[in-house]
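Residue-level structure breakdown
Each chain, written out:
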Number of protein chains: 2
Amino acid sequence: MWKLGDLWMSYVKEILALLREKEYKLTPQRKIIIQAFFDNMEKHLSAEDVFNIVSQDHPEIGLATVYRTLDLLAELGILKKMNFGDNKFRYEFCPEKDNHHHHHLICLNCNKVIEFEDDLLESLEALIAKRIGFHVVDHQLKVFGFCKNCKENLQDI
Amino acid sequence: MWKLGDLWMSYVKEILALLREKEYKLTPQRKIIIQAFFDNMEKHLSAEDVFNIVSQDHPEIGLATVYRTLDLLAELGILKKMNFGDNKFRYEFCPEKDNHHHHHLICLNCNKVIEFEDDLLESLEALIAKRIGFHVVDHQLKVFGFCKNCKENLQDI
DNA sequence: CTTAGTGCAAAACCTTTGCAACTCT
DNA sequence: AGAGTTGCAAAGGTTTTGCACTAAG
């Protein structure tokens, strides 16, 4: 078990250091938005989600700032910009480079997103590189279906 | 080698039969839009792409009709609605149920989309079903990177 | 005939941009 | 002090909707 404090110490400080290093300013808005992701670790927040969260305590923060901050954090590799097919971008903390990728199981009924770790795909990447000459940078796997709960409650699937 | 005529006979007639069966009308607009996908088999068309294609010979067809038809065809399982992260939906013919899935290699430089067939993922699906109790209906794999051409022409990757 | 489908224009929705005011460093 | 950042409002791009009109069955 980890304590939030520890995470904050190691992870957020790292983020802030990265901003400082690249000569971006450490504005309160940016800190607040990063905090929002820590408070919602497991979720995949859209820009509007973030805006609603930070608005509760900081109604002065504008939506455009949220968008600009998310773009910046994605560019720095801190957040990962993804798309679950609802035609809006969602963001989550980018897994460390040396970590295994995690993927997403998306329930077609309740829209819950379950994370799933697996490294079966590493061998697929090697295959692609060899067979097609494609230099793989990243991959995303989305699996659609019905989660345990919904599967049990639905008759018609 | 196949002839286009044969495909049309077997595939389009099947689509039109499905529409008739579900009591949807076989309007000229719908036929024209289906034809546009046959003329662009290998591509992943957005609604606007389709609109531009059909407008050449049929400028009277409205954009809203294109959207409505694409929605309908996706709902019937004839087209597959996908999203390559450019925040617009793209469509392609839905692979037959018993076919292997194909996946997409997306070049981060020239945005070309290369299709890739593989069934490594079948075993992953079984794993998910067992480990998490998730009933898998479909999956999508997107691989981002640089295609052979761009890899050779770029210094800085 | 009757109801689904169409075309147009307007609205809705998410995201980006221009600009004056502001604030981190 | 000065460059980067913000908030607001307006604009941009994609998709959806309302409505009168048309056409397939």
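Every value quoted in this text rests on a predicted model; they were computed, and no experiment measured them.

Below, the discussion takes up the overall build of chain A. Each helix and strand in chain A was counted, giving six helices and six strands. Counting from the amino terminus, chain A carries its helices and strands in the arrangement α-α-β-α-α-β-β-β-β-α-β-α. Taking all 157 residues of chain A together, the buried fraction comes to 41%. A separation threshold of at least 6 residues defines the contact pool for chain A, and within that pool the share at least 24 residues apart is 48%. About 9,200 Å² of surface is accessible on chain A, with carbon and sulfur atoms providing 51% of the total.

Our next topic: the pattern of salt bridges. All names here are of chain A. The final tally for this structure, using the stated rule, is six salt bridges over all chains. D71 serves as the salt-bridge partner of K81, at 3.5 Å between the closest nitrogen and oxygen. Here K81 is found in strand β2 (residues 79-83), whereas its partner D71 is found in helix α4 (residues 63-75), with ten residues between them in sequence. Judged by its relative accessible area of 37%, D71 falls in the partly exposed class. Within the structure, one salt-bridge network assembled from shared partners comprises D49, D86 and R90.

Residues and elements named next belong to chain A. The domains assigned to chain A are domain 1 (1-97) and domain 2 (99-157). Across the boundary between the two partners, domain 1 contributes twelve residues, which contact nine residues of domain 2. Summing the contributions of domain 1 and of domain 2, the shared interface buries around 850 Å²; its carbon and sulfur component is 49%. Considering only the surface of domain 1 that becomes buried against domain 2, H44, K80 and F84 emerge as the three largest contributors, covering 46% of it. Put simply, domain 1 and domain 2 have zero salt bridges between them. Here domain 1 is connected to domain 2 by four residue pairs in polar contact (both at pLDDT 80 or more). Class assignment for the residues of the side of domain 1 that touches domain 2 results in three nonpolar, three polar and six charged.

Right, let's get into the protein's contact with DNA strand C. Close to DNA strand C lie 24 residues; Y67 and F89 of chain A together with T27, T65 and R68 of chain B are nearest. A distance of 3.1 Å is found between a base oxygen of DNA strand C and a side-chain nitrogen or oxygen belonging to K25 of chain A. Between DNA strand C and K88 of chain A, the relevant distance is 3.4 Å, taken from a phosphate oxygen to a side-chain nitrogen or oxygen of the residue. Elements that contribute at least two residues to the surface near DNA strand C include exactly α3 (47-57) and α4 of chain A together with α2 (28-38) and α4 (63-75) of chain B. Per-element tally for the surface near DNA strand C: the top contributor is α4 of chain A, with five residues. Partitioned by chemical class, the residues of the surface near DNA strand C number ten nonpolar, five polar and nine charged.

Below, the discussion takes up the interface of chain A and chain B. Taken together, the contact between chain A and chain B spans 40 residues of the former and 39 residues of the latter. Each partner contributes to the roughly 3,400 Å² buried at the junction of chain A and chain B, and carbon and sulfur atoms together form 70% of this total. Linking chain A with chain B are zero salt bridges, by the criterion used here. There are eight residue pairs in polar contact (both at pLDDT 80 or more) connecting chain A and chain B. Among the elements of the structure, β4 (102-107), β5 (113-117), α5 (120-132), β6 (135-146) and α6 (148-153) of chain A are those that each provide at least two residues to the side of chain A that touches chain B. Looking at the side of chain A that touches chain B, the element that brings in the most residues is β6 of chain A, giving twelve residues.

This next bit is on the protein's contact with DNA strand D. If you check the shell around DNA strand D, you find 24 residues, and the closest are R30, T65 and R68 of chain A together with Y67 and F89 of chain B. Restricting the count to atoms of DNA strand D within 4 Å of the protein gives a sugar and phosphate share of 67%. In this structure, a phosphate oxygen belonging to DNA strand D sits 2.7 Å away from a side-chain N or O atom of R30 of chain A. Backbone polar atom of E60 of chain A to a phosphate oxygen of DNA strand D: 3.1 Å apart, as the coordinates give it. Every element with two or more residues in the surface near DNA strand D is listed here: α2 (28-38) and α4 of chain A together with α3 (47-57) and α4 of chain B. Residues belonging to the surface near DNA strand D are distributed by class as follows: ten nonpolar, five polar and nine charged.

So, on to the relation of the copies chain A and chain B. Overlaying chain A on chain B yields an RMSD of 0.2 Å, the required transformation being a rotation through 179° with an accompanying axial translation of 0.0 Å. The two molecules are tied by a two-fold rotation axis, judged by turn and shift. Across chain A, the smallest distance between a C-alpha and the rotation axis is recorded for L141 of chain A, namely 2.2 Å. A share of 98% of the interface residues of chain A reappears at the interface of chain B, consistent with the copies meeting face to face through the same patch.

A few words now on the side chain of S46 of chain B. Residue and element names in this part refer to chain B. With respect to the helices, strands and loops of the structure, S46 is situated in strand β1 (residues 45-46). You can call S46 buried: its relative accessible area is 2%. For S46, the contacting residues outside a window of four places in its chain are K88, F89 and R90.

Cut-offs and rules
Residues numbered from 1 in each chain as written. Chains lettered and ligands numbered in written order. Predicted model: local features only at pLDDT ≥ 70, side-chain atom pairs only at ≥ 80, totals over all residues. Heavy atoms only, no water. Helix = DSSP H or I, 4+ residues; strand = E, 2+ residues; numbered from the N terminus. Buried < 20%, exposed > 50% of the residue type's maximum accessible area, 1.4 Å probe, protein only. Contact = heavy atoms within 4.5 Å. Areas by Shrake-Rupley, 256 points an atom, 1.4 Å probe, with all protein chains shown as cover. Salt bridge = Lys/Arg side-chain N within 4 Å of Asp/Glu carboxyl O. Domains from an automatic or database assignment. Buried area = accessible area lost by both parts, 1.4 Å probe. Polar contact = N/O pair within 3.5 Å; in protein donor to acceptor, adjacent residues only side chain to side chain. Nonpolar A, V, L, I, M, F, W, Y, C, P; charged D, E, K, R; others polar. Near = heavy atom within 4 Å. Least-squares fit on C-alpha atoms with pLDDT ≥ 70 in both.

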